[in-house]
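Fold and contact review
Listed here are the chains, written in short residue letters.
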Amino acid sequence: MVYYCKSEDMREFYSGNEKMSTLVNGSYMIIKILSRLGIKPGFGESSVNEVCYANSVSAKIFLAICNIADFNQYKPEMDSFSKSETADLVRYLRLSHNEFMNKDIPSIELCVSKITSSAGANPKHSKILQHFFEEYRDELESHFTYEDKTVFPYVTGILSGKREKGYSIEKFEENHSNIEAKLSDLKNILLKYLPAGYPHDVVYDLLSRLYLLEEEFENHARVEDFLLVPLVAHLENSIKSINHGS
Amino acid sequence: MAVKFRIAIIDPSQILRAGLETSLSQISGKFQILWSFSSLSHYSSFADEIDPDIIIVNPALFDPSGAETIKSILSNTEDTRIIAFSYTHTSDILIRQFDSVISIYDTPAEIALKIEKTAGSLSSDSDKKYQKQSGHPESYDLSDRELEVLVSVAKGCTNKEIAGIHNISVHTVISHRKNIVRKTGIKSVSGLTVYALLNGLIEQ
């Protein structure tokens, strides 16, 4: 049995020879990654490599995403990823955006409206909370839309050998805004400063959703910053050198 | 902050206890049903460990002659309000010993109102009690200066403007802002605005 410990020095990153079930038992947030990559459950005693192969998913990309999520000091080797694996990564990130905006945020929105429309609520306070949440939701929407409409098409272009002029992945990295800050603010407002009179069961339900989503957002940003950006920068350089060579 | 009323329910029917608990928690966050007992002896075995503000009890559990006062049966209840939760006729001599009576035919809103009224006579004492209990480290409250800076931040002022308004250096403004973020856990300007609005520091 392999035990994973996230914060200590003597670290062993996840590898393809480990059992998939052991991986998930050690870090249940991996369930979300499996689900987005369309990997079916019922792993039996199969290894990570075997499960990924059976589901036509690149084990390298799967492991890189898991390792980045769970180990701060993990650095993927850029040379070892193929173009089709980078395309898989873009697909994974698009699916994540879709899940955030169409599943996680709506369920949080439902909790917020339950809270703000509850019988004991002060309508003035409710309006303030509702407004803060809606502003945040719109911000998220434009953050993800920018990536879906501008960044990912640029990466797909690079993969097919076309580099759009006047844009580089460095630009994206520079402007990559933090989307967790306001989520964490909402969390603290509910946890510390919510006036009395709100239904506590819904508030706690909302809080646990916010904690989970905050962690998801952090992991998501790390995958973009430490996997997508260096991978694309590597490809940009290789296109440059081909052009110079010819 | 509004005071929460800590409530104990004593009734043989699990359905009625659960129903009362659900109705009260839905109607107002003021009521916390912390304890639920099926009988007086069940209550008695925990009486020393709990300190409810309000006990809601089925009067049929007591001797209808009222020979033994309910206060003496429910020991440890000098500061506690006792409310009868009745669903059958109860003798006058017994009912007079309760601070209030609620009926199973009352609507949840009527019940909530009666409990609040009964507890109202106690809230000034318990306000003091809770203030004493909730004593948190002084340093976590925002100082007057920090509150002033917070209000300016919430109004959308820049650091330079805030420095001008309060006649302090930009450096001092930044250090106040750092302390505000550390104490509240709120980083964004719109989050701080929500804080200021909820606490009535600014008007919408």
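Scroll up to find the structure.
Summarised in this report is the structure supplied together with it. (Residues numbered from 1 in each chain as written. Chains lettered and ligands numbered in written order. Predicted model: local features only at pLDDT ≥ 70, side-chain atom pairs only at ≥ 80, totals over all residues. Heavy atoms only, no water.)

Before going further, it helps to examine the overall build of chain B. For chain B, the count of helices and strands is 9 helices and 5 strands. Counting over 204 residues, chain B shows a buried share of 42%. Expressed as a percentage of contacts within chain B between residues at least 6 apart in sequence, the contacts between residues at least 24 apart total 64%. Taken as a whole, chain B presents about 11,000 Å² of accessible surface, with 53% of it coming from carbon and sulfur. (Helix = DSSP H or I, 4+ residues; strand = E, 2+ residues; numbered from the N terminus. Buried < 20%, exposed > 50% of the residue type's maximum accessible area, 1.4 Å probe, protein only. Contact = heavy atoms within 4.5 Å. Areas by Shrake-Rupley, 256 points an atom, 1.4 Å probe, with all protein chains shown as cover.)

Another aspect to go through is empty space enclosed by the protein. Take a probe with the size of a water molecule and roll it over the atoms, and the empty space left behind shows itself. All names here are of chain A. Enumeration according to the criterion identifies 2 cavities of 30 Å³ or more in this entry. If you go around the largest cavity, you meet 16 residues; those closest to its centre are I33, R36, Y92, E216 and N219. Elements with a contribution of two residues or more to the lining of the largest cavity: α2 (30-36), α4 (59-70), α5 (83-116) and α9 (200-245). Of the residues that constitute the lining of the largest cavity, the class distribution is 8 nonpolar, 4 polar and 4 charged. (1 Å grid on protein atoms, 1.4 Å probe; cavity = no way out; pocket = protein on both sides within 12 Å on 5 of 7 lines; lining within 4 Å. Points joined across faces, edges and corners; volume = space filled by probe spheres on them. Nonpolar A, V, L, I, M, F, W, Y, C, P; charged D, E, K, R; others polar.)

With that out of the way, let us pick up the sheet that holds strand β1 (residues 5-10) of chain B. Note: strands within a sheet are paired through backbone hydrogen bonds, in either parallel or antiparallel orientation. All names here are of chain B. If you walk across this open sheet you meet the 5 strands as β2-β1-β3-β4-β5, and the pairing is parallel. Every other strand in the sheet has two partners, leaving β2 (31-37) and β5 (100-103) as the edge strands with one partner each. Each strand axis lies, on average, 25° off the axis of its neighbour in the sheet, ignoring direction. Bridge count for strand β4 (residues 81-86) against β5 is 4 bridges, and the pairing is parallel. What sits directly across from F85, in β5, is I102. Helix-sheet contacts for helix α1 (residues 14-27) involve β1, β2, β3 (54-57) and β4, and the interaxial angle to β2 is about 170°. (Pairing = 2+ DSSP bridges. Axes fitted to C-alpha atoms, helices over the stretch in contact; angles between N-to-C directions.)

Let us look at the environment of B:T90. Residue and element names in this part refer to chain B. With respect to the helices and strands, the residue T90 is situated in the loop between β4 and α4 (92-95). With 19 residues separating them along the chain, T90 and A109 place their C-alpha atoms 23 Å apart. Residue contacts for T90: discarding those within four places in its chain leaves P59 and I95.

Backbone geometry at A:S56 places phi at a positive 55°, although glycine is not the residue there. Positionally, A:S56 belongs in the loop between α3 (48-54) and α4. One non-glycine residue, B:N167, adopts positive backbone phi at about 60°. In this structure, B:N167 sits in the loop between α7 (159-166) and α8 (170-184). B:N167 gets classed as exposed once you look at its relative accessible area, which sits at 73%.

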